[in-house]
Every structure is written in structure tokens, then in C-alpha cells.
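Structural overview for review
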Amino acid sequence: MALPNNRWAWVEIDLSALKRNAKAFQAQMARGVKLMAIVKADAYGHGAVACAKALRQAGAHQFGVATVDEGISLRQAGIEDPILVLSQPPLESIADLVTFDLMPAIYEVDFALEYGEASSAAGKVGQYHLALDTGMTRIGVRREEALEVRRAIDFHRGLACAGTFTHFATADLLNDWDFALQVNRFTEAVSILHEAGLETGLIHADNTPGTILHPDIQFDMCRVGIGLYGLHPAENTVPRIALEPVMSVRGRVSRAVYPNVGDGVGYGLTWRVPRKNVQVATVPIGYADGLARCLSNRMDVLVDGMRVRQVGNICMDQFMFAVDVNRTRSYRPGYEVSVGDMVTIMGADGDEFISAEEIAELCNTINYEVVCDFGMRLDKVYL
């Protein structure tokens, strides 16, 4: 495994685990249902290009991104499969949509017609997915206006509806009234479009939790995101599908010293050395790398398969941890940390494991944010 040369800090991405997760989802999908792999936000911090190539090998039919630039990056890397921009981008992006054959989500007539004009001028038919707002109140055509919008744009020969979709706000819940209401609104809107003789393309609504918990509404395609990367969207999905975390976060000790008793550590000196024979070690990972400052003095890291306590305020580019050489509770007795020793911030080391969920709980956030943040600056090492 080739590690970064310029900094002792990296994320490891297990592409084999990613492929196995994709297969696990496909096993839960009905025959003929397609998989749209969501690779937005650089594949939730895992690296969109590498992950898309692996997911394509695992059977993904389409890809979903959040921005036009994300789609362009995939095209420039050789991804030729259909790519959906999951929300309607600015009018100024239309030229790039046409050039790179990216499908926008559409919910405004003016945007659709300009997109159609640009597609026709380029000798193409611009494919799009109609986004329906069924109750999340984020993006989309209101369901009662869907037919009107389609009739206003369907005359244009530069446009073709390749899909119709909605997004659920509470797909992670069972027997939820709001979820059922969204399903009813969506199916009603699709039925109205069909009855009017309009092409709806691929119908899709289930996201990661929906694919697991609501297999009855998989329609033509499922949009799977966070679950592909081995992270559960909710506790109630854990017993229903086995997933493997794809990302680990590691670094190496860049300094290890024995401070004097009472010496402080880090900005604000929020932790002080309580006794003799306590080592304080530094690792070059900080809050600019996704290790949230709110974790200061609250989290563990793994060294040589054992948990040790992070101490002091986490800095922008570094953090410190403490080793009490004489106490088994903190560390193996008599063991000293040395410069170059590997430290695991998230992932497995021996029998110990620190999950994205553990980190998220300490920060009062969700595992989605944890992995996205770690993926922003740290070098990625693909396994």
C-alpha cells in the first residue's frame, strides 16, 4: 500500500467493500430494478471517480451527482453511463449539460425550454428527470402542477423525459404517516401523467433507507447513497442488511514526548499532564481535515490495537493524545509510542473499531457529515 509522501495522514478506501455493499443492495432489489449509485460530494468523501468506476463494475446503471461540475469530473474520467444532476442547476450551466450529456432534474418551464433549445442547436435531444415535490418542500414541481408543466414543455423536440422522481423526508421510519402521504402523492402524480399519455421514463423514489425498509415502492430504479459506503442511514436498517464500512482514517505519530507534570496541551491548555510517565503524542490531522474541534478531550483513537484518549483542543492541522505508560486502563503497560507509529482515528485496528457513528454521536451529527468532512483534504489511498 503506497502511503502519501508529504504528510502522515490519509484515508483508506476499500473498493472491494464498496462493491460488496452494492451487491448487498442489489440482492434486496426486485428483478429488473436498476441501481442509481449516488456519488455526490466526492462520493461522500470517498472519491467519486474511483468509486464510480468500482460501482460500475458492481452493476450500477446510472450515477447521481449534486452539481454540474461533479458530473463533468466523471465524464472527463471516462464514465459514459447516464448521470443525473439531482437538482435543477442554474441557467448558465445549460451549455455544460449539453456538452457533457448530463441529465438535469427539471421543475421550471423556463429552464426546460432553454435546455431544449440548447440541445436542439447542438443536434441532440436533452434528456431530463422531472422532480416532484411531494412534501419535503426542497425542490421539485408541486404534484398538482406536474401535468401543467409537462404540457408546457413536451412540444419541444429537443427534450425527452428520461425519468420522474421524488425524495422522501422520512424514509427511515416505518409506519410513518408523512411517508405514506408522500408515496400517495407521488403515485397519484405519476398516474395522472400516464393517463395523459405522457412519457415518464424511469420512475424512482427509494433512497438508501427506502430501498432497505420499503421494497414495495422500488419502482424502476433505486437511488442508493450512504449505504454503498457501508454506513447505515438509521438504526432500524442495521438488522436488515449487512454493510461494510469503506473508509478508514489513519495517521502516524509525528512527535512523542514526556512533558512535566502539570504541563498543558494545545490551545487554551484545556488538558494538563496529571502524573509522571505520561506520553503526549502528536498526529498531523486536525479540524481542517474533518476531525471536528467539538471532539476535543472527548474522543479515543487506536494505537497498536488499543484505545487511547485524545487530549487538548484539536488544532486545524494536528491533534494530540496521551499515553499513561504505567496504567493498563489507558494503554499497554511499559509500551512507549514512537514517531512513525500508526494511529487510527476511524476504522479497525486489531479487535478494536471506531465507527463513523461513534464520532457522529460525540459531535451530535450524522455519519454522512463525518465521512464527507474527512474526504475533503486528506489524501485517499485505495485498497
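Each remark here, short or long, concerns the structure printed above.
Please read all numbers here as calculations on a predicted model, not as lab measurements.

**Here's the deal with the overall build of the protein chain**
- Counting its regular elements, the protein chain contains 11 helices and 21 strands.
- Dimensions of the protein chain along its principal axes, counting C-alpha atoms only, are 80 × 45 × 35 Å.
- Split into buried and exposed, the 383 residues of the protein chain put 52% on the buried side.
- If you take every contact in the protein chain between residues at least 6 apart in sequence, the share linking residues at least 24 apart comes to 67%.
- Carbon and sulfur atoms form 48% of the exposed surface of the protein chain, whose accessible area is close to 17000 Å².

**Considerations on the nonpolar core**
- Ranked by size, the top nonpolar core spans 113 residues in total, and within it Leu55, Phe63, Phe319, Phe321, Ile345 and Phe374 carry the most contacts.
- Grouped together as the second largest cluster of nonpolar side chains are eight residues, Val265, Val273, Val280 and Ala322 included.

**Quick look at a negative patch on the surface**
- Taken together, the side chains of Glu92, Glu108, Asp110, Glu114 and Glu117 make up a negatively charged region of the molecular surface.
- For Glu92, the location among the structural elements is in the loop between β4 (83-85) and α5 (94-99).

**Overview of the packing of aromatic side chains**
- This structure, assessed with the given rule, holds five aromatic pairs.
- Ring geometry for Tyr44 and Tyr368: centres 6.3 Å apart, planes at 50°, overall tilted. Here the residue Tyr44 occupies a position in helix α2 (residues 40-44), and Tyr368 occupies one in helix α11 (residues 367-374), the gap between them amounting to 324 residues.
- Overall, the relative accessible area of 7% leaves Tyr44 in the buried class.
- An aromatic cluster is built from Tyr44, Tyr229 and Tyr368, whose rings are joined through pairwise contacts.

**What about the side chain of Gln310?**
- One can find Gln310 in strand β17 (residues 306-311).
- The class for Gln310 is buried, based on a relative accessible area of 0%.
- Within polar-contact distance, the side chain of Gln310 engages the backbone nitrogen of Asn297 at 2.6 Å.

**Some details on the packing of helix α10 (residues 356-363) against α11**
- In contact at an axis separation of 8 Å, α10 and α11 are set at 105° when each is read in the N-to-C sense. Here α10 is positioned roughly perpendicular relative to α11, judged by the angle of their axes. Here Ala356, Glu357, Ile359 and Ala360 of α10 come into contact with α11, specifically with Asn367, Val370, Val371 and Phe374.
- By residue class, the composition of the contact of α10 with α11 is six nonpolar, one polar and one charged.

Definitions and cut-offs
Residues numbered from 1 in each chain as written. Predicted model: local features only at pLDDT ≥ 70, side-chain atom pairs only at ≥ 80, totals over all residues. Heavy atoms only, no water. Helix = DSSP H or I, 4+ residues; strand = E, 2+ residues; numbered from the N terminus. Buried < 20%, exposed > 50% of the residue type's maximum accessible area, 1.4 Å probe, protein only. Contact = heavy atoms within 4.5 Å. Areas by Shrake-Rupley, 256 points an atom, 1.4 Å probe, with all protein chains shown as cover. Core = buried A, V, L, I, M, F, W, Y, C linked by side-chain atoms within 4.5 Å. Patch = residues over 30% accessible without salt bridge, like charges linked within 9 Å, V, L, I, M, F, W, Y side chains within 5 Å. Salt bridge = Lys/Arg side-chain N within 4 Å of Asp/Glu carboxyl O. Lys, Arg positive; Asp, Glu negative; His and termini not counted. Charge placed at Lys NZ, Arg CZ, Asp CG, Glu CD. Phe/Tyr/Trp six-rings, centres within 6.5 Å; stacked < 30°, edge-to-face > 60°. Polar contact = N/O pair within 3.5 Å; in protein donor to acceptor, adjacent residues only side chain to side chain. Axes fitted to C-alpha atoms, helices over the stretch in contact; angles between N-to-C directions. Parallel < 35°, antiparallel > 145°, perpendicular 65-115°, else oblique. Nonpolar A, V, L, I, M, F, W, Y, C, P; charged D, E, K, R; others polar.

Take it as geometry only, folks, not as evidence of what the structure does.
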